[in-house]
Amino acid sequence: MYKLRCFVIALGLSLASCGEKQVLVADEKNVDTHTYAHISKAKITHLSWDVEVDFDDKVIRGSAAYDFENHQSKEIYFDTSELAIDSVLLANGKPAVFELGALDAVKGRALKVKISPKDTHLVIYYKTAPEASALQWLDPIQTHDKKHPYLLTQGQAILTRSYIPIQDTPSIRITYDATVRVPKDLLALMSAINPKEKTADGVYHFKMPQPLPPYLIALAVGDLQYQAIDDRTGVYAEPTQLKDAAWELADMGKMLIAAENLYGAYPWGQYDVLILPPSFPFGGMENPRLTFATPTILVGDRSLTNLVAHELAHSWSGNLVTNATWNDFWLNEGFTVYFERRIMEALEGRDYADMITVIGYQDLKTDMQKLPEKLTALYIDLEGINPDDAFSDVPYDKGYLFLKMLEDRYGRSQFDTFIKKYFKENAFKTTNTEDFVVYLKENLTGGEDDFVQNWIYDTGWPKDLKIPTSKLFEQVEARFAADRNRFQNDKNRRETLPKWSTNEWLHYIRSIDVSVLTSEDLKWIDQQYHFTASKNSEIQCAWFEKAFRLQYKAVDANAKAFLVQVGRRKFIEPLYLALRQTNQLDFAREIYREARPNYHFLARQNLDVLLGTPGNLQ
């Protein structure tokens, strides 16, 4: 997943436990406190999913059939959240006795099914709730082309259980096949081997032959078309967006080759990207074979495609080698950020990679200042905490900085050999922080571990942190310093606009100190660079936040339109927070009343706390 800001934490909300302590995964090395599954007793290995997608009632109904390993157990446990379980049948067609446990605010309900010690197959018949947290149902007006409804899923971290009864833990891996029935004018796609065009009857069959953790099962349904980039990569999008999307992502094949040159053969066969409607709450989601991506990367200059490099890198770090629990999330994201930047360095050069590294460090500094101290360590005990509430830049960029420290300490060549071996020897497996530390000592450091405690387990900044720098950003800072002199002393002077990348413009805007400058200063900057009229989402978000904090009202109309259209949490949450913190809550609520129906469940649950529940918005 591409950079999810830790918003609930930033508001200073409590992270107290939401239920009784229940450690139900018995593998001592992979204790996942976010699941009800006793995988030491019975562990699923394959899912056959047969469902209908009902846009009228906003539900998915059908069956989930499982093959499972049975270690002489008389019961098997599944995770559920707001699912209506109709019946459970064993392999012989005999109904099984089942019961749903008490509701836990974080984990949902346990589904316990009675089995015999010899049973290895069962089928669960069920339907979802309209408000299922993993499902986002979009009306036509919420899509790009505004002609057909749309459905997308988001399983990470523990949301798959809201649309499939499953052992919802990254400590297991399963294969799956699926039959999905949708309205005949729509195309269904999954994190599997996908169709390239619509069927006449709206019935689609899928197969995922490689085992994956359940949070990576994904479904999207919409008016979609496909365009190949090359023989292994391509893009899906709504019809009027497809041409632009294919142009923007034309280098995907080059990214894939660059990744393989670094760390070995791509393990999933096909790599495609689905451009989602603007309400998608994240930058991207690394569903195998089919990355889900925000349309905010389509800016017409290919300057934001490092997001695709990030999701592609997940094909190795996260999808191939997976964190065993959400406590170990940094193993997914730290490796992926490091890999992403190596891909971009191979394609765009060291200066480009340095820029995105500095931006990542700036974001990390912001989060480190806001987070409770416990959440500034790489390894975090999240028992009783919803993993979605604890995600921040720490596992991403502190994880990256740890790996970059190892590269600097042992040399790039030796470190590359280590990572390539790590991916190869742990392919299609899960691992945790403890096991990784052991692997690190045995395969890279020769037993040296003086840095492990400080970097992985201690909170705050590591003692030997090397702060990243960028030569190109030094030039941006010089330009900003010169501009500051102009808008304070020579307001009528105009200079030729530099031909900068998005990252350089973003750094320029971030150089604006709202404790020093005024709204009049922003007016001069805006007249010079036209930031208010920008269509680049990164620039819009950074500029609107500065403008909100200095109450530069010229942005209000454009900022409102941006917030109503875009649902990416990285962009919308800082803007609403800026309005609240500058006593503009009425304006924030005015926007939110209109925008809220477009936002994903994960965005709404945070913003409802910040701005008031729907009933309080009137």
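The rules behind each value
- Each chain carries its own residue numbering, running from 1 in the direction its sequence is written.
- Local features in a predicted model are, by the rule used here, given only for residues with pLDDT of at least 70; side-chain atom pairs are given and counted only at 80 or more, and totals for whole chains, interfaces and linings are based on all residues.
- With hydrogens and water set aside, each side-chain value is computed from the structure's full complement of heavy atoms.
- Secondary structure elements are taken from DSSP: a helix is a run of H or I of four residues or more, a strand is a run of E of two residues or more, and numbering for both begins at the N terminus.
- All radius of gyration figures rest on C-alpha atoms, and the globule criterion is 2.2 Å times the number of residues raised to 0.38.
- Summary of the burial criterion: residues with accessible area below 20% of their type's maximum are buried, those above 50% are exposed, and those between are partly exposed, where the area comes from a 1.4 Å probe applied to protein chains only.
- In this analysis, two residues are considered to be in contact whenever any of their non-hydrogen atoms come within 4.5 Å of each other.
- In these tables, accessible area is a Shrake-Rupley quantity obtained with a 1.4 Å probe, and a residue counts as shielded only by the protein chains included in the view.
- Counted as positive: Lys and Arg. Counted as negative: Asp and Glu. His and the chain ends are not counted at all.
- Where a charge lies is defined by one atom per residue type: Lys uses NZ, Arg uses CZ, Asp uses CG and Glu uses CD.
- The working definition used for a salt bridge is a side-chain nitrogen of Lys or Arg within 4 Å of a carboxyl oxygen of Asp or Glu.
- Put simply, buried Ala, Val, Leu, Ile, Met, Phe, Trp, Tyr and Cys residues joined by side-chain atoms within 4.5 Å make one nonpolar core.
- A helix's residues, less one, multiplied by 1.5 Å, set its expected span.
- The directions considered for the arc are those from the helix axis to the C-beta atoms.
- For two strands to be treated as a pair, DSSP must find at least two bridges joining them.
- Only the stretch in contact is used when a helix axis is fitted, and all axes are lines through C-alpha atoms; the angle between N-to-C directions ranges over 0 to 180 degrees.
- Each angle receives one of four descriptions, namely roughly parallel if under 35 degrees, roughly antiparallel if over 145, roughly perpendicular if within 65 to 115, and oblique otherwise.
- Should the near helix be turned anticlockwise from the far one by less than a right angle, the crossing is left-handed, and should it be turned clockwise, the crossing is right-handed.
- Here the nonpolar group is Ala, Val, Leu, Ile, Met, Phe, Trp, Tyr, Cys and Pro; Asp, Glu, Lys and Arg are the charged ones; every other residue, Gly included, is treated as polar.
- As a per-residue quantity, pLDDT reports the predictor's confidence and falls between 0 and 100.
- Stacked, tilted and edge-to-face are the three classes applied to pairs of Phe, Tyr and Trp rings, where Trp contributes its six-membered ring and a pair requires centres within 6.5 Å; stacked means planes under 30 degrees apart, edge-to-face means over 60, and tilted covers the rest.
- Placement of a positive charge over a ring is assigned whenever Lys NZ or Arg CZ falls within 6 Å of the ring centre and within 35 degrees of the normal to the ring plane.

With that settled, the discussion passes to the overall build of the chain. Assigned secondary structure in the chain consists of 19 helices and 20 strands. Against the 2.2 N^0.38 benchmark of 25 Å for 618 residues, the chain shows a C-alpha radius of gyration of 24 Å, consistent with a compact globule. Each principal axis of the C-alpha distribution contributes one length, and for the chain these read about 85 × 60 × 50 Å. Out of the 618 residues belonging to the chain, those deemed buried represent 62%. Expressed as a percentage of contacts within the chain between residues at least 6 apart in sequence, the contacts between residues at least 24 apart total 72%. Accessible surface for the chain amounts to roughly 23,100 Å². Of this, 47% is attributable to carbon and sulfur atoms. Distance from the positive charge centre (70 side chains) to the negative charge centre (84 side chains) of the chain: 1 Å.

So, on to the pattern of salt bridges. Under the counting rule described, the total for this entry stands at 34 salt bridges. The salt bridge involving aspartate 139 is made with lysine 58; its shortest N-O contact spans 3.9 Å. Taken as a pair, aspartate 139 in the loop between strand E8 (135-138) and strand E9 (150-153) and lysine 58 in the loop between strand E1 (42-54) and strand E2 (59-70) lie far apart in primary sequence, 81 residues in all. For aspartate 139, a relative accessible area of 39% gives the class partly exposed.

With that out of the way, let us pick up the nonpolar core. Soluble globular proteins tend to bury their nonpolar side chains together. Counting 203 residues, the largest nonpolar core has Trp49, Leu122, Val180, Phe402 and Tyr576 as its most contacted members. Setting aside chain neighbours within four positions, we find valine 180 in contact with Trp49, Val51, Val53, Ala188, Met190, Gly202, Val203, Tyr204, Phe206 and Leu219.

Let's shift gears to helix H9 (residues 412-425). In this model, H9 (14 residues) spans 20 Å end to end at C-alpha, consistent with the 20 Å of a helix rising 1.5 Å per residue. Residues of H9 that are buried: Phe415, Asp416, Phe418, Ile419, Tyr422 and Phe423. Down the axis of H9, the buried side of the element spans an arc of 160°, and every buried residue falls inside it. Residues of H9 that are exposed and angled more than 90 degrees away from the buried face: Ser413, Thr417 and Lys424. The secondary structure elements touched by the buried residues of H9 are helix H3 (252-263), strand E19 (321-323), helix H5 (329-348), helix H8 (394-410), strand E20 (429-431) and helix H10 (433-445).

With mixed pairing, 5 strands are arranged side by side in an open sheet as E14-E15-E16-E18-E17. Either end of the sheet is taken by a strand with one partner, and the two such strands are strand E14 (225-228) and strand E17 (284-285). Here 2 bridges tie E17 to strand E18 (residues 290-293), and the two strands are oriented antiparallel to one another. Paired with methionine 285 across the two strands is phenylalanine 292, which belongs to E18. Contacts between H3 and the sheet are confined to strand E15 (233-237) and strand E16 (271-275), with E15 contributing the most and set at about 135° to the helix. Lying on the sheet, helix H4 (residues 306-313) is in contact with E16, E17 and E18; it crosses E16 at an angle near 130°.

What follows is about the pairing of strand E6 (residues 109-114). Where strand E3 (residues 75-80) meets E6, 6 bridges bridge the pair, whose relative direction is antiparallel. The residue bridging isoleucine 76 from the neighbouring strand is valine 113, located in E6. Where strand E5 (residues 98-100) and E6 come together, 3 bridges link them in antiparallel fashion. Its bridge partner lying in E6, phenylalanine 98 is registered against valine 113.

Time to look at the packing of H4 against H5. For any two helices packed against each other, one specifies the crossing angle of their axes together with the interaxial distance. Axis separation between H4 and H5 bottoms out at 8 Å; the angle between their running directions is 125°. With respect to H5, the axis of H4 lies oblique. Considering how the two elements wind past one another, H4 and H5 form a crossing that is right-handed. For the pair H4 and H5, contact is made by Asn306, Ala309, His310 and Ala313 and by Glu333, Thr336, Val337, Phe339, Glu340, Ile343 and Met344, respectively. When grouped by side-chain class, the residues that make up the contact of H4 with H5 number 6 nonpolar, 3 polar and 2 charged.

Right, let's talk about the side chain of glutamine 167 for a bit. Structurally, glutamine 167 is set in the loop between E9 and strand E10 (174-181). Ignoring anything within four residues of it in the chain, the contact list for glutamine 167 reads Ala37, Ile39, Ala42, Lys43, Ile44, Ile76, Tyr77, Phe78, Asp79, Ile172 and Pro214.

The next thing to look at is the environment of methionine 255. Relative to the helices and strands, methionine 255 resides in helix H3. In the structure, methionine 255 is positioned 174 residues away from lysine 429 in sequence and 24 Å away in space, judged by C-alpha atoms. Not counting residues up to four positions away in its chain, the partners in contact with methionine 255 are Thr305, Val308, Ala309, Leu312, Ile343, Met344 and Leu347.

Moving on, we get to unusual backbone geometry. A cis geometry characterises the amide bond from glutamine 156 onward to alanine 157, with omega recorded as 5°. Position of alanine 157 among the secondary structure elements: in the loop between E9 and E10. Phi at lysine 146 is positive, roughly 65°, even though this residue is not glycine. Structurally, lysine 146 can be placed in the loop between E8 and E9. Lysine 146 gets classed as partly exposed once you look at its relative accessible area, which sits at 47%. Even without being a glycine, glutamine 551 presents a positive backbone phi close to 50°. Here glutamine 551 is to be found in the loop between helix H15 (537-550) and helix H16 (556-565). Since its relative accessible area comes to 39%, glutamine 551 is described here as partly exposed.

This part covers the sheet that holds E2. In spatial order, the strands read E4-E7-E2-E1-E10-E12; together these 6 strands make up an open sheet with mixed pairing. Looking along the sheet, the strands with just one partner apiece sit at the ends: strand E4 (84-90) and strand E12 (203-212). Looking at each pair of strands side by side, their axes are set apart by 15° on average, direction ignored. Of the strand pairs in this sheet, E2 and strand E7 (residues 121-127) are connected by 7 bridges, and their pairing is antiparallel. Within E7, the residue paired with alanine 64 across the bridge is isoleucine 124.

Mean pLDDT for the chain: 92, with 93% of residues reaching 70 or above. With pLDDT under 50 throughout, residues 5-29 is counted as low confidence; its partners more than four residues away or in other chains account for 64 contacts.

Moving on, we get to helix H13 (residues 502-510). In an α-helix, one turn spans 3.6 residues; hence positions three or four apart end up facing the same way. Counting buried residues along H13, 8 of its 9 residues qualify, which places the element largely inside the surrounding structure. For H13, the full list of buried residues reads Thr502, Asn503, Glu504, Trp505, Leu506, His507, Tyr508 and Ile509. Those residues of H13 that are buried lie in contact with helix H6 (350-370), helix H12 (471-489), helix H14 (519-529) and H15.

Our next topic: the packing of aromatic side chains. Enumeration according to the criterion identifies 53 aromatic pairs in this entry. The interplanar angle of 40° and the centroid separation of 5.8 Å between the aromatic rings of phenylalanine 402 and tryptophan 455 together place this pair among those described as tilted. With phenylalanine 402 in helix H8 and tryptophan 455 in helix H11 (residues 452-457), this pair connects stretches of sequence that are 53 residues apart. In terms of burial, phenylalanine 402 and tryptophan 455 fall into one category: buried. For the pair phenylalanine 548 and phenylalanine 587, a centre-to-centre distance of 6.3 Å together with 90° between the ring planes defines the contact as edge-to-face. Separated by 39 residues along the polypeptide, phenylalanine 548 in helix H15 and phenylalanine 587 in helix H18 (residues 585-595) bring together distant segments of the chain. You can call phenylalanine 548 buried: its relative accessible area is 1%. Its end group placed over the ring of tyrosine 226, lysine 196 keeps NZ or CZ at 5.0 Å from the ring centre. One residue, arginine 341, lies across the ring of tyrosine 400, its end atom 4.6 Å from the ring centre.

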